[in-house]
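Below are the chains, spelled out letter by letter.
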Amino acid sequence: MTTPTAPRPRSRRALLRAAIVPAGLAASLVLAPLPAAVAAPSADVLIAEVYGGGGNSGATLKNDFVELANKGGAAFGLDGWSVQYISAAPGPASQWGVTPLTGSVAPGGRYLVAEAAGAAGTVELPAPDAAGSLALSATSGTVALVRGTDPLTCKTAADCAADPRVRDLVGFGTAAVREGSPVPGASNTAAVARKGGLPDTDDNAADLAAGAPTPTNSRGEVAEGSTPTGPTEPGTVRIHDIQGSTRVSDRTGRTVAGVPGVVTGVRAYGSKGFWIQDPNPDADPATSEGVFVYTGSADPTVKVGDAVLVTGKVTEYYPNFNGGSQSLTQLSNPAVTVVSSGNPLPAAVVVDTRNIPGTYSPAAGADGTINGVALDPEKYTLDFYESLEGMLVEVRDVRVVQATDKYNELWVAADKQDQKSKRGGLLYESYAEPNVGRLMVQQQAPVSRQPFPVANVGDVLTGTTAGPLDYNQFGGYTLVAGTLGALQDNHLQREVTAPAGERELTIATYNVENLAATNPDAKFAELAAGVVTHLRSPDIVALEEIQDNNGAKNDGTVDASETVAKFTAAIRAAGGPAYDWRAVDPENGKDGGEPGGNIRQVFLFNPQRVSFTDIPGGTATTAVDVAGTGAAASLTASPGRIAPADAAWANSRKPLVGQFSFRGKKVFVIANHFNSKGGDQGIDSRFQAPTRSSEVQRIAQATVEQAFVAKLLAADKEARVVSVGDFNDYQFSPALAALTKDGVLRDLVNELPEKEQYSYVYQGNSQVLDHILVSPEVGYAKYDVVHINAEFAQQASDHDPQVVRIKP
């Protein structure tokens, strides 16, 4: 497929907008030079807010407090940690005060530490997550987040920056100990709080600002009265003012009052809340007119069609901050007034080929992200979707391109110009062509009230599917349907590979997705049917993700004989051959995968058709080598593992190599399971182009295996080598280029018709992760990806198996 050199012209939503002049909110920012010594910026937990005026004259709150936030993607444990405080100008006798912490901070969550109370104030803090007795100054001082509970000894900015126990530090007022310059403005009535997006540039004055204290605990509770009762009059701020013309609102962290809108959708499960949309839009196509109102643990009490006024705090929620996700602008801790009910909804924006831009993403800004880049919704796909965030959108008569999953969601193709696979999916053919029309579809109603359609790839949601456009970590932009189109079942069939001739050796690969002896019999039976019926009982089957006998139970077990025995018995019960098998048990906990599962590759082979050449010496830590030359070339261990001590295989599966004989001819088979793509930034990431961090290890793994194959071919240029498995990378990836370097192997997926090149479906893209490669001497090779799983709602595994027929 040829990459277009220029985006195809598309029209933006045809939606008449009335110009509204928002009331501006001004803010000034003074940036001071950073000192030479600073602590490393925090990627997860940090100090979000400090208030020392509690109980002082004029204060509303009774207590001082310190609030922590976690901008990471995983819970952050605080057992053994502390927050500490020292005065603004510490002298020789000054000491740090300590408040120990316990528990953890949830990803995206808050953690409230209550400190000393004063004599004044009328409002209690929400239930704190930890409590101490530190008496903070209202105007000047330093608070540190510390790994450990021993008091710090540093009394200068440089000394504290050099102390590895200091995770984060905030100096305010005239504090001598601070990061960069101290943040000004703290008082009896003003806290200092981190700005939107929780920046941490190690300059307190740049990262934090003074404002009304907003204590929030881990349950999202706020101080009584800090969230006002429902507004009675519209305020001056409209939704398009909140959303702005970039991805991150310039009002983040501020409370906005009386925002008007009509409720367009309600979600009472998962991330609970409701969407509102302004029926009186502005004239700027870059500013969305919809926003999500997050109600926390409380069920929303509004209904679709209610006209409401909402007072709430503007927040940017990152579903997966460390994974590079974009953010969702929302209103949190809301106070809501229903003005009227039964109002008509704003017209939904039709999303289709006519208005989805053909260029996926703009270039990143100076910070490496697209967060602050002005939206251009007529030019870039991601900008187009962002300009509709929270608004009603609809798609019509759309093809399903990823089947319904266990979370009751599916993917559709809104753009009919995206590259279609043979069976109705969307082909992922290069990093530059991510398929712009992919949209996840969920529904607002829980499945207990409204069943979600069970669809396969190629089915169609007929008519209109409409709802607010959301954003989540599993699919990026997502249509949360209030109206679902009717399902047209197009009866996708599971494939059966062509029969092999008597003189053809058949070799298959199948990722059986964490198969353990403890799994239900039904899973074994379904996988066995795939081998016997759909793959036609290949002579050799390389299995990936065979777990040890007790699966994910982490007790040191590495033996998988019970798992394999149960699977071979299921194959016999399905009418297949009595397979023999070979494998090498891994070291406990050294090969990655599900903790405790000890996944590994296993060879099954039909002894009536092919023989295995057993050569002793293969262990988890012994590297297999090549012995002899020409026709006498062989492995030094069979089965064996390729370079298991090489750093390329750290916490990853080591290739399993075996020597077989078919009709008197040697065949070397390598079973692979390269490291996963975990940790890579998504296609829709705020970082553009996304970083594929896991790719580095796969390139190293491919380089090691290529060298082994090259050594085998140097010993015997006529060696027949077949390398199979789950390589966790695409046919156009640098890893596959490294594996096929110098022509030692050829990737058979490239010999399939273009529309058949896929074995896995992810986020609506049909893509290649599994491969079969052969050495030059193999020559004749009839290759088939047998589509029985990846395109179906009912799956035995998330991967499709593959098989090749060769004539040694």
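Cut-offs applied
Residues numbered from 1 in each chain as written. Predicted model: local features only at pLDDT ≥ 70, side-chain atom pairs only at ≥ 80, totals over all residues. Heavy atoms only, no water. Axes fitted to C-alpha atoms, helices over the stretch in contact; angles between N-to-C directions. Helix = DSSP H or I, 4+ residues; strand = E, 2+ residues; numbered from the N terminus. Parallel < 35°, antiparallel > 145°, perpendicular 65-115°, else oblique. Left-handed = near helix turned anticlockwise from the far one by under 90°. Contact = heavy atoms within 4.5 Å. Nonpolar A, V, L, I, M, F, W, Y, C, P; charged D, E, K, R; others polar. Phe/Tyr/Trp six-rings, centres within 6.5 Å; stacked < 30°, edge-to-face > 60°. Buried < 20%, exposed > 50% of the residue type's maximum accessible area, 1.4 Å probe, protein only. Lys NZ or Arg CZ within 6 Å of the ring centre and 35° of its normal. Pairing = 2+ DSSP bridges. Expected span 1.5 Å × (residues − 1). Arc of directions from axis to C-beta. Lys, Arg positive; Asp, Glu negative; His and termini not counted. Salt bridge = Lys/Arg side-chain N within 4 Å of Asp/Glu carboxyl O. pLDDT = per-residue confidence, 0-100.

Examining the packing of helix α5 (residues 521-534) against helix α6 (residues 561-573)
Where α5 meets α6, the axes come as close as 8 Å, and the angle between the chain directions of the two elements is 60°. Classified by the interaxial angle, the pair formed by α5 and α6 is oblique. α5 and α6 meet at a crossing whose hand is right-handed. Across from Asp 521, Phe 524, Leu 527, Ala 528, Val 531 and Val 532 in α5, the residues of α6 making contact are Thr 563, Lys 566, Phe 567, Ala 570 and Ile 571. Here the contact of α5 with α6 is built from residues that sort into 8 nonpolar, 1 polar and 2 charged.

Regarding the packing of aromatic side chains
Under the counting rule described, the total for this entry stands at 19 aromatic pairs. Residues Phe 384 and Tyr 385 carry aromatic rings whose centres are separated by 5.5 Å and whose planes lie at 55° to one another, so their mutual orientation is tilted. Looking at Phe 384, the relative accessible area reads 0%, which means it is buried. The exposure class of Tyr 385 is buried, given its relative accessible area of 3%. On the basis of an interplanar angle of 65° and a centroid distance of 5.8 Å, the ring pair of Trp 649 and Phe 674 is categorised as edge-to-face. One end of the pair, Trp 649, is in the loop between β32 (640-641) and β33 (656-662); the other, Phe 674, is in the loop between β34 (665-673) and α7 (695-715), with 25 residues separating them in the sequence. The two residues Trp 649 and Phe 674 agree in class, both being buried. Ring pairs connect the aromatic residues Phe 384, Tyr 385, Tyr 471 and Tyr 477, which therefore count as one cluster. Seen from the ring of Tyr 431, Arg 692 lies directly overhead, with NZ or CZ sitting 3.7 Å from the centre. The lysine or arginine in question, Lys 807, covers the ring of Tyr 780, its NZ or CZ lying 4.8 Å from the ring centre.

Looking at the sheet that holds strand β1 (residues 45-51)
Read from one edge of the open sheet, 6 strands run β8-β7-β2-β1-β11-β12, paired in mixed fashion. Strands at the two margins of the open sheet, each flanked by one partner only, are β8 (130-131) and β12 (208-211). Relative to β8, strand β7 (residues 110-117) is paired through 2 bridges, and the arrangement is parallel. By the bridge assignment, Ala 114 is partnered in β8 with Ala 131.

Topic: α6
The first and last C-alpha atoms of α6 sit 18 Å apart over 13 residues, in line with the 18 Å expected at 1.5 Å per residue. If you check which residues of α6 are buried, you get Thr 563, Val 564, Phe 567, Thr 568, Ala 570 and Ile 571. Angular distribution of buried residues about the axis of α6 spans 155°; they occupy a single face of the element. Where α6 is buried, its residues meet β25 (505-515), α5, β26 (540-546), β27 (580-582) and β28 (600-605). Gly 575 lies just past α6 and shows a positive phi near 95°.

Considering the side chain of Glu 705
Residue position: Glu 705 is located in helix α7. Arg 641 provides the closest opposite charge to the buried, unpaired Glu 705, separated from it by 12 Å. Residues contacting Glu 705, with those up to four places away along its chain left out, are Ile 642, Pro 655, Ile 670, Asn 672, Phe 674, Ser 723, Phe 727 and Leu 739.

A closer look at the pairing of β7
β7 sits mainly inside the fold: 6 of its 8 residues count as buried. Pairing of strand β2 (residues 63-70) with β7, which is carried by 6 bridges, proceeds in the antiparallel orientation. From the neighbouring strand, Ala 69 faces β7, where its bridge partner is Arg 110.

Describing the confidence of the model for the protein
When pLDDT drops low, the exact placement of atoms in the prediction is not to be read closely. Chain-level pLDDT for the protein is 92 on average; 94% of the residues reach the 70-or-more range. Confidence drops under a pLDDT of 50 for residues 1-37, and excluding neighbours within four residues, the segment shows 85 contacts in the predicted structure.

A look at the pattern of salt bridges
Applying the stated criterion across every chain, the model contains 32 salt bridges. A salt bridge links Asp 163 to Arg 165, with the shortest nitrogen-to-oxygen separation between them at 3.2 Å. On the accessibility criterion, Asp 163 (13% relative accessible area) is buried. With relative accessibility at 25%, the residue Arg 165 sits in the partly exposed group. One salt bridge in this structure joins Arg 251 and Asp 250, with 3.4 Å as the shortest N-O distance.

Concerning the pairing of strand β39 (residues 770-774)
In terms of residue burial, β39 counts as a mostly covered element, since 5 of its 5 residues are buried. By the alternation rule, side chains of β39 split into Asp 770, Ile 772 and Val 774 and His 771 and Leu 773, which are all buried. In this structure, strand β35 (residues 721-726) lies alongside β39, joined through 5 bridges in antiparallel fashion. Within β39, the position partnered with Val 724 by the bridge is Ile 772.

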